[in-house]
Every structure is written in structure tokens, then in C-alpha cells.
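Observations on chain architecture
Residues per chain are reported as follows:
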Amino acid sequence: MIKFQSVKKIYEPHNVVLDNINLEIKPGEFVSLVGLSGAGKSTLLKLLTREERPTSGEVLVEGVDLADIKDKDVPYLRRKIGTVYQDFKLLEKKTAFENVAFAMEVSDTDPEEIEKNVPQILAVVGLADKVDNFPEQLSGGEKQRLAIARAMIHRPTILLADEPTGNLDLVNSYDVLKLLLKINELGTTVVLASHDSNLVNTIGRRVISMDKGKIVRDQTHHGRYVI
Amino acid sequence: MTNFKKIIRSAWTNFRRNGYLSFGATGIMALTLILFLGLLSLQFLTSQVVASIQGKIDVSAYFTADATEEQIFQVKSDLESLPDISNITYTSRDQALADFKASHAQDQLIQDSLSQLDTNPLAASLNIKAKDPSQYASIAQFLENDKFRSVIDKIDFYENASVIGRIQNISNGIRDWGLAATFVLAIIAVLVTFNTVRLTIFNQKQEIEIMRLVGASNWHIRGPYLVEGGFYGLFAAAVALGVFYPISYFASGKISSFAPEINLFSYFVHGIAQVFLLIIVLGIFLGVISSFIAIRKHLRI
């Protein structure tokens, strides 16, 4: 599903953020990526959405080398991959409904389907009564659940979550985690980057630890947050 | 079609929700367009002033007393074959005397002296107006070589040559500097508009990047912003026209009090369809192009 082969990322002049990464993630896995900030977790995720390109090495998603994707085809890649961020990245000028609908509109989805699907997914993440609210009228937890709804509307095969609980309190963090686990149960591969040890330890799945741009530990089962 | 409607609706929603920003951008663009209309007025006024100065230039050929009317008319028709002539008027000796008497009707001394003479002291003349004042030298040259040169007493171009030259320099100067000023101000106006739209887009830079991240193609993002830029232009054009016409009406009254032949307002009323079309198209064009250029930078993610 996802494959990194000898991936290096160097920010000029010589700031090595990823150093010789070799990693394979199989379909349906739930992978936690842990490490201190600056360890290279976010950069690793950005390579998957082509926000960044590797300095050397290959990144493959579903067998396709991302270096071979033309700039104009990048949107198609991003529609296959759902993303959730620490800062939510919601469109402030659009309502909850419009935020989710926008992700569907960009792939030219039939308007009737949008009208039907958006309220459904908002109900799944518990925002049925906030359909017409703007992001600034939502709490942090609600914003993140809205972002997850937007990420899931395409039924992506991969969901990338970069510190999704970084701005949330304990209760909201666990709500978000429960949603991610549910999404994973339905077949989506989930990659979660986090430095919240308690959260990661409750998951008990594969944990990959990173330090200074390198993978230092890869526990495939019952992983714990260790650096 | 539904797609286009969707883009328009989305642009309109964005325009409304960005209230202050839209208001500011529209206001700046309206000022720009008013400046353009002002420049149009300036062009019109300078061309009118130049035309009225140039209309005052002419050349006359005076004929000797023994020149026959046939000869004079022959010279006239020769001149008329030239492409640069706009108008030739013939004044006979009797007509010249009558005009002279009429214009000095109040002056008893002149009237008395005229009545003392047995013969008419005045000459028949052709008064020649050229389409372009630079042609007077060649017209004088043409008369110089005419086969009836012998009956032409004098050509007053030579007395007036320096004055004609100076007037021509002045009117060329007004025209050229007017054009240069228009050009410079137009560039400033375009830059100000562009910068304003760029700032409004910059303000929405994060939104654009988010749209890229959820998989929107460039045209999908651009569409509504281009239409929004068009909205700025459209509303700005409406405001500019709404402000400019009353101003030109009042200004017109002031101008005609010292230059009665110039009517600014009627010029703009006469060409109202073209002016509206020009300003609206210009406004929309400026808005859309500025958005297009401004948004490019933020689509690179």
C-alpha cells in the first residue's frame, strides 16, 4: 500500500530531516508514528501527499511512484488520501456542510449525492446539529471531527493524521482516536503521527519510533511509545 | 452550465462573507475607474482645445486688381484638387469692401475716407483652411508654382509662418503631454488595482492552500476567485459611472462658461453606450486578470 525506499529529505543547505527511510505499510494497518517534534514525522506524511518531494529515494502509494505523478494529477492523488491536521485546516468562510461538500465538489460529484452524503457523514462524526455552523462556532473537538468527516467523504483508502489531538483535551482526544479506530475497522489504512504517549499506548497496534530523521524502532504488535 | 452557476454562486457567497475586504477592493477599483474616466475627459478637452486653436489658423491669397474671376476660380479648383484642403472661401473685391464697411460701421473717419476713393482699394482673396496646420507651407509652395502666380499679389503665409509654427508646437505639446500623462496615470491605476486584489487574495492564502490539500484542481480553486475579481470590477464600474456622470454634468457647466464651444457632458451622454461598455469591460477585465496573476503563487502546493 505505502512503501518508502531509501528515502532522504534534505532541506538546503544541509538540514537532513529524513535519513534513509525504508518502510512498508500494508493495507488495513493502523500505524502510529511517534517521536519528538523535529523527528521527521510530518515530513514523512507530506511526502505521501506530494506537499514535499524526497531528495532521493522512492515513495510509492498503491504501487505508483509519486515522482511519476504530474503536477496536474496531484489532486487525484489527494482525493485518494484523507488528511487530518493538528490545526484542522478548515475553510473558515464555509459552514460545516460546505467544508465537507467542497471536498466532494472538487471531484465533480453529483449535487444530489452531496446533499445526501454530507449530512450522513456529519451525523457519523456527531455533528448532525452543527451542519450550518462556521468553524469558529465549533469547539476544538468538533472542528477535528469535522476535519475527519471531510477527510472521509471520498472513502479514501488511506487516512493520514498529523498530530490530530495536539490541540485537544483528553476527552476530545479519545473521541478522535475512537473515530480513527472505527475508520480503520472499515478497511482504511490509518497513519497517525503523534507524540502523545498515553494515546499511543492505548492503541496497542504497530508503533514506529523516529529520531532525528531515522526509524529507530518498529514494533509491529502491541507497540508502546518508546524513544 | 450548472457548473458555471455553481462557480458564480460560490464567488458571490465569498464576496458577501468577505464584506470589508470586498468593499475595500471595490472602492479602490472604483477610484481607478473614475481616474480613467477623468483621463478620458482630459483627452477630450485637450483635443477640443487643440482643434479650436488649429481652427484659427488659415492662409489667404490676395489677388491683384486685374485678376479675373475665372482666373481666381481656376486657382481655387486647382487648390481643391489637393488632398490636404479642408475648406476654401472666395471673397470678391465688392464683398471685401462691403465686409470692411460693415465691420467699421461705427468709425466715421474710415467711412469718409472710403467715400473719397473712386476705386475699390481692397483685393479679392481666397481664404484657405487645411486639414492639418503642417500643410500650410506646402500649400503656399503650391500657389507659388501656380500658372496664375502672376495675378496673385501676396500670400500671407509668409507673414504668419512663425505664428503658425508656434501654435502648432503648442497644440502638439498639449496632445503629446496629455497622452503621456494619461499613459502614466493609467499604469499607476492598474498597479494599484492589482495590488489591492493581490492583498485580498493573500488574505485568503490559507484557504487556497487548504483547497489544494483536499484535492481541488487549480481551475476548481481559481474559478470562484476569478469571478469574485469580476464582481469587484462590475460593482466598481457601477459606482464609478454613478459618480462620474453627475460630476461631469456640473464640471461641464463651469467649463462652458469660459469655453462655450466645449460641452463635456453632452460628449459623454452622446457616447453613453460606449462609455458604459468600456468601463464595465475594463473593470471586469482588471479584476479577473489581477486575481489570475495574484492567485498563481498560492497554487504551487
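Summarised in this report is the structure supplied together with it.

What counts, and where the lines are drawn
- Along each chain, residue indices are assigned from 1 in the same order as the chain's sequence is written.
- Chain A is the first chain written and ligand 1 is the first ligand written, with later ones labelled in order.
- Predicted model: local features are reported for residues with pLDDT of at least 70 only, side-chain atom pairs are reported and counted for 80 or more only, and whole-chain, interface and lining totals are derived from all residues.
- What counts as a helix is a DSSP run of H or I of at least four residues, what counts as a strand is a run of E of at least two, and both are numbered from the N terminus.
- Labels follow a simple rule on C-beta atoms placed from the backbone: if 20 or more others lie within 10 Å of a residue's own, it is buried; if 12 or fewer, it is exposed; otherwise it is partly exposed.
- Placing C-beta atoms from the backbone, we regard two residues as in contact once those atoms come within 7 Å.
- Three classes are used: nonpolar for Ala, Val, Leu, Ile, Met, Phe, Trp, Tyr, Cys and Pro, charged for Asp, Glu, Lys and Arg, and polar for all others, with Gly counted as polar.
- Any two strands between which DSSP finds at least two bridges are classified as paired.
- Note on definitions: angles span 0 to 180 degrees between N-to-C directions of axes, and those axes are lines fitted to C-alpha atoms, for helices only across the stretch in contact.
- For this quantity, the arc is that covered by the directions from the helix axis to the C-beta atoms.
- Convention used here: a crossover is right-handed provided that the path from the first strand, over the helix, to the second strand proceeds clockwise when the strands point away from the viewer.
- Nonpolar core, as used here: buried Ala, Val, Leu, Ile, Met, Phe, Trp, Tyr and Cys residues forming one set through C-beta atoms within 7 Å.
- These descriptions rest on fixed angle ranges, namely under 35 degrees for roughly parallel, over 145 for roughly antiparallel, 65 to 115 for roughly perpendicular, and the rest for oblique.
- By convention, the crossing between two helices is left-handed when the near helix turns anticlockwise from the far helix through less than a right angle, and right-handed when the turn is clockwise.

Once that is clear, we can look at the overall build of chain B. Looking only at helices and strands, one finds 11 helices and 4 strands in chain B. Within chain B, the proportion of its 301 residues that are buried is 26%.

We now examine the overall build of chain A. Regarding its fold elements, chain A presents 7 helices and 10 strands. Within chain A, the fraction of its 227 residues that count as buried is 42%. Summarising the internal contacts of chain A: among those between residues at least 6 apart in sequence, 67% fall at separations of at least 24.

When the parts of a complex come together, some accessible area is lost, and that lost area is often taken as the interface size. On the chain A side, the residues contacting the 11 residues of chain B number 14 residues. Within the residue set of the side of chain B that touches chain A, elements represented by two or more residues are helix H1 (2–17) and helix H8 (205–213) of chain B. The element contributing the most residues to the side of chain B that touches chain A is H8 of chain B, with 3 residues. Classifying every residue of the side of chain B that touches chain A by side-chain character gives 5 nonpolar, 4 polar and 2 charged.

Bringing the sheet that holds strand S1 (residues 2–11) of chain A into the picture now. Residue and element names in this part refer to chain A. Here we have 4 strands laid out as an open sheet, ordered S2-S1-S4-S5, and antiparallel in their pairing. Each having just a single partner strand, strand S2 (15–25) and strand S5 (64–65) make up the two edges of the open sheet. As judged from the 2 bridges shared by strand S4 (residues 56–61) and S5, these two strands associate in the antiparallel manner. Counterpart to valine 61 in the pairing with S5 is valine 64. Packed on one face of the sheet, helix H1 (residues 41–48) meets S1, S2 and S4 and runs near 60 degrees to S2.

For an α-helix, the turn length of 3.6 residues means that residues three or four places apart are oriented alike. All names here are of chain B. When we look at burial in helix H6 (residues 136–144), the residues that qualify are Tyr136, Ile139 and Leu143. The arc that holds the buried residues of H6, viewed along the axis, is 60 degrees, so those residues lie on one side. Opposite the buried face of H6, by more than 90 degrees, sit the exposed residues Ser138, Gln141 and Glu144.

To continue, consider the pairing of strand S7 (residues 158–162) of chain A. When a strand is regular, its side chains alternate between the sheet's two faces. Residues and elements named next belong to chain A. Across the 5 residues that make up S7, a large majority, 5, are buried. The alternating pattern of S7 places Ile158, Leu160 and Asp162 and Leu159 and Ala161 on opposite faces, both of which are buried. Of the pairings in the sheet, the one linking S7 to strand S8 (residues 189–194) comprises 5 bridges and is parallel in character. Along S8, the bridge assignment pairs alanine 161 with leucine 192. After leaving S7, the chain enters helix H6 (residues 170–185) and then returns to the sheet as S8, a path that is right-handed.

What follows concerns the environment of isoleucine 188 of chain B. Residues and elements named next belong to chain B. Of note, isoleucine 188 is situated in helix H7 (residues 157–202). Accessibility expressed as a C-beta count within 10 Å gives 12 for isoleucine 188, which makes it exposed. Sequence separation of isoleucine 188 and threonine 32 is 156 residues, and the distance between their C-alpha atoms is 8.9 Å.

Looking at soluble globular proteins, one finds that nonpolar side chains tend to be buried together. Counting 96 residues, the largest nonpolar core has Leu33 and Ala149 of chain A together with Leu33 and Ala240 of chain B as its most contacted members. With 12 residues, helix H9 (residues 218–258) of chain B is the single largest residue contributor to this core. Apart from residues no more than four positions distant in its own chain, alanine 149 of chain A is found in contact with Val100, Ile121, Leu122, Val125 and Leu127 of chain A. Counting 15 residues, the second-largest nonpolar core is a separate cluster that includes Val59, Ile72, Ala124 and Tyr136 of chain B.

Our next topic: the packing of helix H2 (residues 19–55) of chain B against H9 of chain B. Residue and element names in this part refer to chain B. Close contact between H2 and H9 brings their axes to 7 Å; oriented N to C, the two are set at 45 degrees. The angle between the axes of H2 and H9 places the two elements in the oblique class. Crossing angle aside, the handedness with which H2 passes H9 is right-handed. Within the contact between the two elements, H2 uses Ser22, Ala25, Thr26, Met29, Ala30, Leu33, Ile34, Leu37 and Ser41 and H9 uses Tyr232, Gly233, Phe235, Ala236, Ala237, Val239, Ala240, Val243, Phe244 and Ser248. Grouping the amino acids of the contact of H2 with H9 by side-chain chemistry returns 14 nonpolar, 5 polar and no charged.

Within a sheet, neighbouring strands are paired by backbone hydrogen bonds and run either parallel or antiparallel to one another. Residue and element names in this part refer to chain B. Strand order in the open sheet formed by 4 strands is S2-S3-S1-S4, and the pairing between neighbours is antiparallel. Sheet topology places strand S2 (85–91) and strand S4 (152–155) at the edges, where each strand pairs with a single neighbour. Neighbouring strand axes in the sheet, compared pairwise and without regard to direction, differ in orientation by 20 degrees on average. Pairing of S2 with strand S3 (residues 125–130), which is carried by 6 bridges, proceeds in the antiparallel orientation. Of the residues in S3, the one forming a bridge with tyrosine 90 is leucine 126. Along the sheet face, H6 touches strand S1 (59–63), S3 and S4 and points at about 15 degrees away from the line of S1.

Here the focus is the pairing of strand S3 (residues 30–34) of chain A. All names here are of chain A. Burial runs high along S3: 5 of the 5 residues are buried. Two elements, S3 and S8, share 5 bridges in a ladder whose sense is parallel. In the strand pairing of S8, valine 31 is matched with valine 191. Alignment of S3 against strand S9 (residues 206–211), held across 4 bridges, turns out to be parallel. Its bridge partner being in S9, valine 34 is matched across the sheet by serine 209.

Position of valine 269 of chain B relative to the elements: it lies in helix H10 (residues 264–270). Judged by the 14 C-beta atoms lying within 10 Å of it, valine 269 of chain B falls in the partly exposed class.

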